[in-house]
Amino acid sequence: MNLRILIIDDSVTMRRITAAIVSSQPGWTVCGEAEDGLSGIQKFQELKPDLVLLDFGMPGINGIETASRMSTVNPRVPIILFTVWDSERLAGAAAKAGIYALVSKSEAWTLIATIESASVSKSRRGSQR
């Protein structure tokens, strides 16, 4: 499965780690990176990724607001909130913003399976239209 993935995280170290996880999978590529929500939205519109990995706590607008704006532009692109923040309230806000799933950075090993699930879900939604 070929996937173009946009990574939005204010930490350079986390972007590198996330890119390494993505690049470990055949056919998956990082099509772009952004260090905050506003530049992430701009790259989302320019690059038209297949999937977005998004941090919650960033300068400027947070990941929920960023996801909400991206979902308005293109609701068919799965967004995964990949964050250290973990709470039931965050999960509810994430769902309302159009986020496909929330993955804790402390459970990074689950990221590949979540990306695979999101891309399969996207394929099914696309074939129904």
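Structure shown above.
Residues numbered from 1 in each chain as written. Predicted model: local features only at pLDDT ≥ 70, side-chain atom pairs only at ≥ 80, totals over all residues. Heavy atoms only, no water.

## Looking at the overall build of the protein
Helix and strand content of the protein: five helices and five strands. Put simply, the protein runs from its N terminus to its C terminus through helices and strands in the order β-α-β-α-β-α-β-α-β-α. Expressed as lengths along the three principal axes of its C-alpha atoms, the size of the protein is roughly 35 × 30 × 30 Å. Out of the 129 residues belonging to the protein, those deemed buried represent 44%. Sequence-distant contacts in the protein: of pairs separated by 6 or more residues, those separated by 24 or more amount to 64%. Roughly 6600 Å² of accessible area belongs to the protein as shown, and the carbon and sulfur atoms make up 53% of that amount. (Helix = DSSP H or I, 4+ residues; strand = E, 2+ residues; numbered from the N terminus. Buried < 20%, exposed > 50% of the residue type's maximum accessible area, 1.4 Å probe, protein only. Contact = heavy atoms within 4.5 Å. Areas by Shrake-Rupley, 256 points an atom, 1.4 Å probe, with all protein chains shown as cover.)

## Quick word on the nonpolar core
If you look at the biggest cluster of nonpolar residues, it comprises 20 residues, and the most contacted ones within it are I8, V52, L54, I64, M70 and L81. Sort the elements by how many residues they give to this core and helix α3 (residues 63-73) lands first, with three residues. Setting aside chain neighbours within four positions, we find L54 in contact with I8, G63, T66, A67, M70, I79, I80, L81 and F82. I5, L51, I80 and F82 belong to the second-largest nonpolar core, a separate cluster that totals 16 residues. (Core = buried A, V, L, I, M, F, W, Y, C linked by side-chain atoms within 4.5 Å.)

## Some points on the environment of I7
Structurally, the position occupied by I7 is in strand β1 (residues 3-8). Classification of I7 as buried rests on a relative accessible area of 2%. Linking I7 and A19, residues twelve residues apart in sequence, is a C-alpha distance of 7.6 Å. Setting aside chain neighbours within four positions, we find I7 in contact with R15, T18, A19, V30, G32, E33, A34 and L53.

Without other data, these values stay purely geometric and don't point to any function.
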